[in-house]
Amino acid sequence: MRLSRYFLPVLKENPAEAQIVSHRLMLRAGMIKQAAAGIYSWLPLGFKVLRKIENIVHEEQARAGHMAMLMPTIQSADLWRESGRYDAYGAEMLRIKDRHDRDMLFTPTAEELITDIFRAHVGSYKDLPLTMYQIQWKFRDEVRPRFGVMRGREFYMKDGYNFDLTKEDALHAYNRHLVSYLRTYERMGLQAIPMRADSGPIGGDDTHEFLVLAETGESEVFYDSAVTDIRLGEREIDYDDVDQCRAVMEEFTALYARTDETHDEQKFNQIPEARRRSARGIEVGQIFYFGTKYSEPLGATVQGPDGKPVPVHMGSHGIGVSRLVGAIIEASHDDKGIIWPEGVTPYHAGIVNLKQGDAEADAACESLYDALQAIGLEPLYDDRDERAGGKFATMDLIGLPWRITVGPRGLKNGVVELTSRRSGESEELPPEQAVEKIAKIYADHQVRGL
């Protein structure tokens, strides 16, 4: 992509309405535009990051053996009355009527709908276990939407649902999701700590939230600092291995880590004082086991091995895909702008032409642009007739991990400048070596699955 043809409405000044870093930088970098309170249009740069995050979620769900599907955003209220949640859910649910005066709602979550699909098509324990998920828009009518995409009313979310014959099977699904989520977040350059949480309107006794530590987090969290030293890393996990998944779950949840709703001061004080931490956290996902809470009232049963009907055990598992864009920025930025991790960057490298119109500089930039594309990478070429300072400021603001700077002076010596956005360090290399280095960085990144 060439910036001269790209829609990137960057802002020089900080928007007055933006209270936190991610909201401010997403507006300034031309990633989003507010359409209404808590509702945003995703502009090309923001939409590209959203898709990168979505693809990682899909890949890790497929790796765990879960099946993608898609359910509607508008549901009938009848299902929610059947489960008993229609009146209980609260004012966050957007209730509407269609032209025939039937009660409908804009989906805040989809336990009822997926259970209805299940009960219509699955009748035997031999069809279990079963886990399906979708990535779809949701709506919750927050009384005070704020912080941009971090706490909007409309949001893009992965929600998954497991159906199992027994509690033991369902808890394996719970552990399997915990492992898959840890891998998902690490691939995005995030450390998301699983913390014992409150189930809220979803229900259930077993639930963990995944929180990214950040000063602007909406949740107060309490934890043993040793949890920040644990990583899933490059280890291979067999998702069908019950013991292996349980061992990972126990490793990541054995140490104290809780949100304020479930905080236990007595247990917290048993941690060595030097390791006790309280901080703010951004919730980026949550997993639940809620047993037969939905299957019993909705009649989601299967014929068990003894021929008798058995209500299935269920769980649900969510990742805030759109919220993750903001969370990554909160965790990875400086005073110049965003710093994208390689796994989610909208473009792999930026090319800056210091003297647009100079035949040699133009030719070198075109050659770099073609070479990066030839190896499957996406460059963003700043071919505008602008001052060098403005071009550098734009690249720093939008946060691409690597920048190649091309100018007549360097080309006389046969080199271009390769700069790391994260460290700010630069080195001069022949153009082909700059391409080779960027190629190796992304190849290593892909091999590690991070």
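Trainee: Can you help me understand the environment of Gly390 in this one?
Mentor: Along the chain, the position of Gly390 falls in helix 11 (residues 388–398). Between the C-alpha atom of Gly390 and that of Ala91, which follows or precedes it by 299 residues, the distance is 46 Å.

Trainee: Looking at this structure, I do not really get the pairing of strand 16 (residues 313–320). What am I missing?
Mentor: Across a regular strand the side chains alternate sides, sitting on one face of the sheet and then on the other. The buried fraction of strand 16 amounts to 8 of the 8 residues, a majority that puts the element mostly inside the structure. Going residue by residue along strand 16, you find His313, Gly315, His317 and Ile319 tucked away on one face and Met314, Ser316, Gly318 and Gly320 tucked away on the opposite face as well. With 6 bridges connecting them, strand 13 (residues 276–291) and strand 16 associate as antiparallel partners. Of the residues in strand 16, the one forming a bridge with Gly285 is Ile319.

Trainee: What is the right way to read the nonpolar core from this model?
Mentor: Among soluble globular proteins, nonpolar side chains are generally buried collectively. In this structure, Met31 and Val325 are the most contacted members of the largest nonpolar core, which totals 69 residues. With 7 residues, helix 5 (residues 167–187) is the largest single contributor of residues to this core. When sequence neighbours within four positions are dropped, the list of residues in contact with Met31 reads Met26, Ser41, Trp42, Leu43, Leu45, Gly46, Val49, Val325, Ile329, Ile338 and Trp340. Membership of the second largest hydrophobic core comes to 26 residues, among which are Leu113, Met132, Phe288 and Ala300.

Trainee: Explanation requested: the sheet that holds strand 19 (residues 349–353) in the structure shown.
Mentor: If you trace the 5 strands from one edge of the open sheet to the other, you get 20-19-21-22-23, paired in mixed fashion. The outermost strands of the open sheet, each flanked by one partner alone, are strand 20 (379–382) and strand 23 (426–429). Strand-to-strand twist of the sheet, defined as the mean angle between neighbouring strand axes without regard to direction, takes the value 20 degrees. As defined by bridge partners, strand 22 (residues 416–420) adjoins strand 23 across 4 bridges and the pair is classed as antiparallel. By the bridge assignment for strand 23, Thr419 is matched with Ser426.

Trainee: Got a minute to help me understand helix 5 in this structure?
Mentor: Every α-helix carries 3.6 residues per turn, so stepping three or four residues along brings you back to the same face. Between its terminal C-alpha atoms helix 5 stretches 30 Å, which fits the 30 Å expected from 21 residues at 1.5 Å a residue. Most of helix 5 is tucked away, with 17 of its 21 residues classed as buried. Phi for Gly189, located one or two positions after helix 5, is positive at around 80 degrees.

Trainee: Explain the packing of helix 2 (residues 44–63) against helix 9 (residues 321–331) to me, please; I cannot follow it from the model alone.
Mentor: Relative placement of two packed helices is described by the angle separating their axes and the distance separating the axes. Running from N to C, helix 2 and helix 9 point in directions that differ by 115 degrees, and their axes come no closer than 9 Å. In terms of orientation, helix 2 lies roughly perpendicular with respect to helix 9. The chirality of how helix 2 crosses helix 9 is right-handed. Counted together, Val49, Leu50, Ile53, Glu54 and Val57 of helix 2 and Val321, Ser322, Leu324, Val325 and Ile328 of helix 9 form the full contact between these two elements. Grouping the amino acids of the contact of helix 2 with helix 9 by side-chain chemistry returns 8 nonpolar, 1 polar and 1 charged.

Trainee: Got a minute to help me understand the pattern of salt bridges in this structure?
Mentor: Note on pairing: side chains with opposite charge can pair once their charged atoms come close. The full count for this structure, using the stated rule, is 28 salt bridges. Glu251 is the partner of Arg235 in a salt bridge, and the nearest nitrogen-oxygen pair spans 2.9 Å. In this pair, Arg235 sits in the loop between strand 11 (219–224) and helix 6 (242–253) while Glu251 sits in helix 6, placing the two residues 16 residues apart along the sequence. Since its relative accessible area comes to 29%, Arg235 is described here as partly exposed. Its relative accessible area of 32% is what places Glu251 among the partly exposed residues.

Trainee: Explain the sheet that holds strand 5 (residues 94–97) here, please?
Mentor: Strands in a sheet are paired, the pairing made by backbone hydrogen bonds, and the direction either parallel or antiparallel. Spatial strand order, 4-6-5: 3 strands in an open sheet with antiparallel pairing. The strands lining the two open edges of the sheet, one partner per strand, are strand 4 (74–76) and strand 5. Strand-to-strand twist of the sheet, defined as the mean angle between neighbouring strand axes without regard to direction, takes the value 35 degrees. Pairing of strand 5 with strand 6 (residues 103–106) involves 4 bridges; the strand directions are antiparallel. Bridging across to strand 6, Lys97 finds its partner in Asp103.

Trainee: Sorry, what's going on with the packing of aromatic side chains here?
Mentor: Note on aromatic pairs: each is described by the distance of the centres and the angle between the planes. Considering all chains together, one arrives at 12 aromatic pairs under this definition. Pairing Trp137 with Tyr156 gives two aromatic rings, centres 4.6 Å apart and planes at 35 degrees, and the pair type is tilted. Taken as a pair, Trp137 in strand 7 (residues 130–139) and Tyr156 in strand 8 (residues 154–164) lie far apart in primary sequence, 19 residues in all. On the basis of relative accessibility, which here comes to 24%, the residue Trp137 falls in the partly exposed class. Clustering of aromatic rings is evident, with ring pairs tying together Tyr181, Tyr185 and Phe210. Here the basic side chain of Arg2 rests over the ring of Tyr369, its NZ or CZ set 4.6 Å away from the ring centre.

Thresholds applied
- Every chain is numbered on its own, with residues counted from 1 as its sequence reads.
- Residues qualify for local features only when their pLDDT is at least 70, as the model is predicted, and side-chain atom pairs are given and counted only at 80 or more; totals for whole chains, interfaces and linings, by contrast, use all residues.
- Hydrogens and waters are ignored; side-chain quantities use all the structure's heavy atoms.
- Secondary structure counts use DSSP, requiring at least four H or I residues in a row for a helix and at least two E residues in a row for a strand, with both numbered from the N terminus.
- Burial status follows relative accessibility: with a 1.4 Å probe on protein chains alone, a residue under 20% of its type maximum counts as buried, one over 50% as exposed, and anything between as partly exposed.
- At least two bridges found by DSSP between two strands is the condition for calling them paired.
- Residues enter a nonpolar core if they are buried and are Ala, Val, Leu, Ile, Met, Phe, Trp, Tyr or Cys, with the set joined through side-chain atoms within 4.5 Å.
- We call two residues contacting when some pair of their heavy atoms lies within 4.5 Å.
- Note on geometry: axes are C-alpha line fits, over the in-contact stretch for helices, and angles between N-to-C directions span 0 to 180 degrees.
- An expected span of 1.5 Å times one less than the residue number is assigned to each helix.
- Orientation labels follow simple angle bins: below 35 degrees gives roughly parallel, above 145 gives roughly antiparallel, 65 to 115 gives roughly perpendicular, and whatever is left gives oblique.
- For any helix crossing, the convention is left-handed if the near helix is rotated counterclockwise from the far helix by under a right angle, and right-handed if that rotation is clockwise.
- Each residue is assigned to one class: nonpolar for Ala, Val, Leu, Ile, Met, Phe, Trp, Tyr, Cys and Pro, charged for Asp, Glu, Lys and Arg, and polar for all the others, Gly among them.
- What counts as a salt bridge is simple: a side-chain nitrogen of Lys or Arg found within 4 Å of a carboxyl oxygen of Asp or Glu.
- Each Phe, Tyr or Trp ring (for Trp, its six-membered ring) is paired with any other whose centre lies within 6.5 Å, and the angle between the two planes then decides the class: stacked below 30 degrees, edge-to-face above 60, tilted in between.
- Only when the NZ atom of a Lys or the CZ atom of an Arg is both within 6 Å of the ring centre and within 35 degrees of the ring normal do we say a charge sits over the ring.

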